[in-house]
Amino acid sequence: MASFEGITEGEAPKQPQTFTASPLKLTAKEILATKTQNYFAQTKRTETILIQIAFSIGLGSMWRFPYLCHRNGGGEFILMYLLMLLFFGIPLLYMEMIMGQWLRIDSTRIWKQLVPCLGGIGYSSILAHYVHPQVCILVSLYNSIIISWSLSYLGNSFYHPLPWNECPLVKNVNVTDLSCLQTVSHQYFWYQTTLNASSYIEEGIKSLVPNLTLGIFAAWFILFIIIIIGLKISMPILIVSVFLPYITLLCLLIRGLFLEGAATSLRRMVTTELSNWASLDLWYQAGGHVLYSLGLGMGTVINISYKAGDNNYVQVALWTAVVNLVTSLLTTSIIFIVLGFWATTSGQACVEKSVLKLTNLIHKGVLPQNIRPPKDILLLTSLDYLKWIENLPQHLQHKVVHFSPTCSIKTQKEKFMQGPGLAFAAFSQAVSLLPGASFWSIVFFLALLITELSALIKILEGIVFPLQNTISAINKYRMMLPVVVCLGGFLSSLVFTSHPGSYIMSLFDDHLIPLILFIIVAFQNTTLAWIYGANRFREEMYGELGRLLWSFFTFLWCYVTLPGLLALLIICLMHLYDSVPPHYIAWSRNMTQEVKQPYMQSTLGWITFLSILTFLPIPIYPLHQWWYLQDHIVNDPFEKPLCKKTPLVPTKPPQRPNYLLAKPNFMSQDRRSENSSKRSSMVRGLDSMWRFNLPLNEQSESSSRFSMPLIASLTSIFSMRSLSLPTSRQVSPSSNIDNGDRSKENNEENLHKRSVQ
């Protein structure tokens, strides 16, 4: 295990090199070199900010935040999210960034470096990426279905007119399904055409939806090619992936402000009722989205920061949080405007619009005269208008429905459409209102696809590269790991392409992923703030950066974020295992609307199983190391240790009297030294599980029990052989001994001078 190099009191932290020569003496070559160096440094900092922003936006700002905000009342969720972003999101995001910059190692090895017995946290983060990958594996699975949905809408954008602007024909029958008129065509297209959704999650995975299966295959194939080639995201692609969505979103917002009910919808979005804060669902959903949207607990933030090099990560964390918030509010504003437009134009208003359009088409000769609505139809209810259409001949029914506007004859409230597909249905309506709707639809869903792909690439890097760096056997077959990861991801993602796949995705998104993130981030926070020590970490960073971290952050890590995470975890468990089971939003084909369905206990059992599976590395890792050490000692008790441990305290032991050295010894010297070395190696191996580095300025004053063993003195498997700190922070045994001898000689000289005086 690498150890930190001690710093004497006279030494100061190393400062970056600067030009001390007079500006008049600088040559043109030196000035050009300085400007070039500053340019590349600024470019690297900008690239880091853009990568972090693109990753954060792609995780959920454009599709997850709006439907959670809509489900939880609008203003209440926004205010709760803002508070948790300030007191939880930014401090925890800064913690992961600064740890990656400090130790310069990936997310799986960083916890071994701090506390070896908790090295399994990094592997749990990798697993969490895949269930929604166990966190990386888990997250990548259901994010791939978001890409498949985007590909489906992108493919349909090349049709003119756009297919979601009219009700589709019933298969094998030349008639339009009248149930489409009972809701907006965009919601009908989402459930009936895109998802082909079933009515219950318990119907099981009997068959797959072809268009979604093809989209899942395309998504994982693209990711496989990118990882195999090692394609890096260039600066132009970063700029496009960040700014292209904003261009389209601003255009949609400007157009939406002129729709009916826009002002009322925006007012409902920002209205806050404090009584709703008593809802525990509001707390844990807002807290879960803060962790998810910033990528906390997945290890991706650590991997991005340690590759980026030196940076002002307070600035990066603030920029990421602000841009994430602005993007979420912008997309939510557009979706609330569309919801208000749907509610305003539904019911009797839709009947009036339909009758007026039919009358104009009859006057123009497009429709026959026998299709003219009754004169008193506007005095009747909207359901009477549906009955009139049902009594028409089939060929006339088709014409009436085909030319009807895209509104709901059944009166809709602003609370309808509460599932994860809200963003896709609402944005398909928004782009349809722009001139050249097909063009804008292609641009928007292409931007959404690029954003989701860039986020998923970073998630997969958090799976593949740490495993390649940690497991030496994988280095012999480096090409096989991307194949296994992408093939496994594709096969595992097929569950989301089934008819109840969107409900399974909601199960992951609402319950499994927040639960896993709460536990993993709480482990990380505990490890740094209490086991390693927040103040000691602050002093370490002073030696690394030359400046102290804000004490406000260390206070939040110790007394705000950790208790808050534990409280959110308890709320999540109470909600999951309550006597009244949680529900999900399902599509009723008979009623042509969304309904709430409770989860079965067997379904919730999968949440428990996958959660336990995700956290198995945390206890298994120290147990495996302990078992390996015991087996090693029992099998060969007289084997010599790999190396002799150099004492960390360099003081020389007092000389023993000669008569003691002459005492008889009935055990051979070699046998005795071997046994003592083996016993000491066992103790040191067990003790190293809880060893961690001391601050640099305290190492020389501390006992060896709380110091990290040196690389040359590793005697157990708990030592982190593959981990190394920056070169400037390493220390050799000889340097410690030399420093101890030198200090002793100085003390003897001082005593001699005083005696002479």
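Look up a bit, the structure's there.
Residues numbered from 1 in each chain as written. Predicted model: local features only at pLDDT ≥ 70, side-chain atom pairs only at ≥ 80, totals over all residues. Heavy atoms only, no water.

Participant: Tell me what's going on with the overall build of the protein, and back it up with residues and numbers.
Facilitator: A count of helical and extended segments in the protein gives 26 helices and three strands. Considering the protein as a whole, with its 757 residues, one finds that 54% of them fall into the buried category. By element, 63% of the accessible surface of the protein is carried by carbon and sulfur atoms, the whole surface being about 34800 Å². (Helix = DSSP H or I, 4+ residues; strand = E, 2+ residues; numbered from the N terminus. Buried < 20%, exposed > 50% of the residue type's maximum accessible area, 1.4 Å probe, protein only. Areas by Shrake-Rupley, 256 points an atom, 1.4 Å probe, with all protein chains shown as cover.)

Participant: Which residues make up the packing of helix α3 (residues 75–103) against helix α11 (residues 280–294), and what are the values?
Facilitator: Put simply, α3 and α11 touch, their axes get as near as 9 Å, and they point 45° apart. Between α3 and α11, the angle falls in the class oblique. Seen along the crossing, α3 lies across α11 with a hand that is right-handed. Touching E76, F77, M80, Y81, M84, L85, G89, I90, L92 and L93 of α3 are L282, W283, Q285, A286, G287, H289, V290, L291, S293 and L294, all from α11. Its residues placed into classes, the contact of α3 with α11 shows 14 nonpolar, five polar and one charged. (Axes fitted to C-alpha atoms, helices over the stretch in contact; angles between N-to-C directions. Parallel < 35°, antiparallel > 145°, perpendicular 65-115°, else oblique. Left-handed = near helix turned anticlockwise from the far one by under 90°. Contact = heavy atoms within 4.5 Å. Nonpolar A, V, L, I, M, F, W, Y, C, P; charged D, E, K, R; others polar.)

Participant: Just give me the short version of the packing of aromatic side chains, but keep the residues and values in it.
Facilitator: All told, the structure shown has 34 aromatic pairs when counted by the stated rule. Taking the centre distance of 5.6 Å and the plane angle of 10° together, the rings of W190 and F424 count as stacked. With W190 in helix α7 (residues 185–195) and F424 in helix α17 (residues 422–432), this residue pair connects regions lying 234 residues apart in the sequence. An aromatic cluster of at least three residues, connected via ring pairs, comprises W149, Y153, W164, F189, W190, F424, F427, F444 and F445. Residue placement shows R64 over the ring face of Y292; its charged tip is 4.8 Å from the ring centre. Its end group placed over the ring of Y532, R536 keeps NZ or CZ at 5.4 Å from the ring centre. (Phe/Tyr/Trp six-rings, centres within 6.5 Å; stacked < 30°, edge-to-face > 60°. Lys NZ or Arg CZ within 6 Å of the ring centre and 35° of its normal.)

Participant: Could you give an account of the pairing of strand β2 (residues 583–588), naming the residues involved and the relevant values?
Facilitator: Here β2 lies mainly inside the structure; five of its six residues are buried. Note that β2 and strand β3 (residues 593–598) share six bridges and pair antiparallel. Residue pairing across strands places S588 opposite Q593, the latter belonging to β3. The antiparallel pairing of β2 with β3 creates a hairpin that spans four residues between the two strands, and T592 there sits at a positive phi of about 55°. (Pairing = 2+ DSSP bridges.)

Participant: Residue-level account of the state of the cysteines, with values.
Facilitator: In this structure the tally under the stated criterion is one disulfide. The side chain of C350 participates in a disulfide bridge whose partner is C407; the two sulfur atoms lie 2.0 Å from each other. Between C350 and C407, the S-S torsion sits near 75°, and that sign places the bridge as right-handed. Taken together, the positions of C350 in helix α14 (residues 348–363) and C407 in the loop between α16 (394–402) and α17 put the pair 57 residues apart, joining distant regions of the chain. The class of C350 is buried, set by a relative accessible area of 1%. By relative accessible area, which is 5% here, C407 ends up buried. (Disulfide = S-S within 2.5 Å.)

Participant: Which residues make up helix α2 (residues 64–71), and what values do they have?
Facilitator: In terms of burial, α2 is largely enclosed, as seven of its eight residues are buried. Every buried residue of α2 is listed here: R64, F65, P66, Y67, L68, C69 and H70.

Participant: Give me the lowdown on the packing of helix α10 (residues 262–270) against helix α13 (residues 313–344), citing residues and values where you can.
Facilitator: Between α10 and α13, whose axes approach to 8 Å, the crossing angle comes to 130°. With respect to α13, the axis of α10 lies oblique. In the packing of α10 onto α13, the handedness of the crossing is right-handed. Two secondary-structure elements touch here, α10 through A262, S265, L266, R268 and M269 and α13 through L329, T332, S333, F336, I337, L339 and G340. Taken together, the residues that form the contact of α10 with α13 break down as seven nonpolar, four polar and one charged.

Participant: Outline the side chain of T497, listing residues and values.
Facilitator: Of note, T497 is situated in the loop between α19 (480–493) and α20 (501–545). According to the relative accessible area criterion, T497 is buried, its value standing at 0%. In contact with T497, other than residues within four places in its own chain, are I145, L208, V209, L212, T213 and I216.

Participant: Which residues make up unusual backbone geometry, and what are the values?
Facilitator: Phi is mostly negative for residues that are not glycine, and the peptide bonds are mostly trans. Residue H160 is joined to P161 through a cis peptide bond whose omega torsion reads 0°. Considering the arrangement of structural elements, one finds P161 in the loop between α6 (136–156) and α7. Even without glycine at this site, T592 takes up a positive phi of about 55°. Within the secondary structure layout, T592 lies in the loop between β2 and β3.

Participant: An account of helix α22 (residues 601–615) is needed here, citing residue identities and associated values.
Facilitator: A rise of 1.5 Å per residue sets the reference length of α22, with its 15 residues, at 21 Å; its end C-alpha atoms lie 22 Å apart and thus fit the reference within 8%. Those residues of α22 that sit buried are T603, L604, I607, L610, S611, T614 and F615. Seen from one end, α22 has its buried residues packed into an arc of 130°, which puts them on one side. Within α22, the exposed residues directed more than 90 degrees away from the buried face are Q601, S602, W606 and I612. (Expected span 1.5 Å × (residues − 1). Arc of directions from axis to C-beta.)

Participant: Describe the side chain of T331, and please don't skip the residues or the numbers.
Facilitator: Structurally, the position occupied by T331 is in helix α13. Leaving out residues up to four positions away in the same chain, T331 has contacts with S61, M62, P66, L249 and F427.

Participant: With reference to specific residues and values, describe the pattern of salt bridges.
Facilitator: Tallying each qualifying case throughout the model produces three salt bridges. The salt bridge involving R64 is made with D509; its shortest N-O contact spans 2.6 Å. The salt bridge involving D510 is made with R71; its shortest N-O contact spans 3.5 Å. (Salt bridge = Lys/Arg side-chain N within 4 Å of Asp/Glu carboxyl O.)

Participant: Help me get a handle on a nonpolar patch on the surface, residues and values and all.
Facilitator: A cluster of nonpolar side chains, contributed by L79, L82, L83, L86, F87, W530, W550, F552, F555 and Y559, occupies part of the molecular surface with about 1000 Å² of accessible area. The greatest single-element share of the nonpolar patch, amounting to five residues, is contributed by α3. Tracing the chain through its elements places W550 in the loop between α20 and α21 (551–576). (Patch = residues over 30% accessible without salt bridge, like charges linked within 9 Å, V, L, I, M, F, W, Y side chains within 5 Å.)

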